[in-house]
Amino acid sequence: MDAAEQLRVVIEPPTPGGGRRVRVGREILGLAHGPADVLEFCRRTGLDPDALDLTGDLFVWHGGGPEVWPGETS
């Protein structure tokens, strides 16, 4: 894993039980159930959630972007 990847917030694919694991490098920040949770985890690490763009380069989404959450219906 290179240094740039360690500095990114990685959102894992949705789990069957609900939620998406959020991590930075190898540190797991928590299990998010929506975009607000991702922003809260970022706030806890010292980032300003009001200045973050979930589609920006800081975030790496696996299994769908910020619009994909388990249990949501279209």
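Thresholds applied
- Residues numbered from 1 in each chain as written.
- Predicted model: local features only at pLDDT ≥ 70, side-chain atom pairs only at ≥ 80, totals over all residues.
- Heavy atoms only, no water.
- Pairing = 2+ DSSP bridges.
- Helix = DSSP H or I, 4+ residues; strand = E, 2+ residues; numbered from the N terminus.
- Axes fitted to C-alpha atoms, helices over the stretch in contact; angles between N-to-C directions.
- Contact = heavy atoms within 4.5 Å.
- Polar contact = N/O pair within 3.5 Å; in protein donor to acceptor, adjacent residues only side chain to side chain.
- Phe/Tyr/Trp six-rings, centres within 6.5 Å; stacked < 30°, edge-to-face > 60°.
- Buried < 20%, exposed > 50% of the residue type's maximum accessible area, 1.4 Å probe, protein only.
- Lys NZ or Arg CZ within 6 Å of the ring centre and 35° of its normal.

Trainee: Just to check I follow, could you spell out the pairing of strand E3 (residues 27-32) for this structure?
Mentor: Taken residue by residue, a regular strand's side chains alternate between the two faces of the sheet. Pairing analysis gives five bridges linking strand E2 (residues 20-24) to E3, with the strands arranged antiparallel. Across the sheet, Arg-20 pairs through a bridge with Ala-32, a residue of E3.

Trainee: Can you help me understand the pairing of E2 in this one?
Mentor: Direction of pairing for strand E1 (residues 9-11) relative to E2: antiparallel, over a ladder of three bridges. Paired with Ile-11 across the strands is Val-22, a residue of E2. What sits between E2 and E3 in their antiparallel hairpin is a turn of two residues, with Gly-25 showing a positive phi close to 60°.

Trainee: How do you make sense of the sheet that holds strand E4 (residues 59-61) when you look at a structure like this?
Mentor: The strands making up a sheet associate through backbone hydrogen bonding, with each pair oriented either parallel or antiparallel. One open sheet holds the four strands; their spatial order is E3-E2-E1-E4, and the pairing between them is mixed. With one partner strand each, in any of the chains shown, E3 and E4 form the two edges of the open sheet. The mean angle between the axes of side-by-side strands here comes to 20°, regardless of whether they run parallel or antiparallel. Of the strands in this sheet, E1, E2, E3 and E4 touch helix H2 (residues 35-44), which is tilted by about 150° from E3.

Trainee: Would you explain the side chain of Arg-23 in this entry?
Mentor: Along the polypeptide, Arg-23 turns up in strand E2. At a separation of 2.7 Å, a polar atom in the side chain of Arg-23 contacts the side chain of Glu-12. Ignoring any residue separated from it by four or fewer positions in sequence, one finds Arg-23 in contact with Arg-8, Val-9, Val-10, Glu-12, Ile-28 and Leu-29.

Trainee: How do you make sense of the packing of aromatic side chains when you look at a structure like this?
Mentor: Describing an aromatic ring pair means giving the distance of the ring centres and the angle of the ring planes. Following the criterion strictly, the structure yields one aromatic pair and no others. Ring geometry for Trp-61 versus Trp-69: centroids 6.2 Å apart, planes at 90°, classification edge-to-face. For the pair Trp-61 and Trp-69, one class covers both residues: buried. Over the face of the ring belonging to Trp-69 we find Arg-20, whose NZ or CZ atom lies 5.3 Å from the ring centre.

Trainee: Hey, could you run me through the side chain of Arg-20 in this one?
Mentor: Turning to its location among the elements, Arg-20 is positioned in strand E2. There is a polar contact of 2.8 Å between the side chain of Arg-20 and the backbone oxygen of Glu-12. Within polar-contact distance, the side chain of Arg-20 engages the backbone oxygen of Gly-64 at 2.7 Å.

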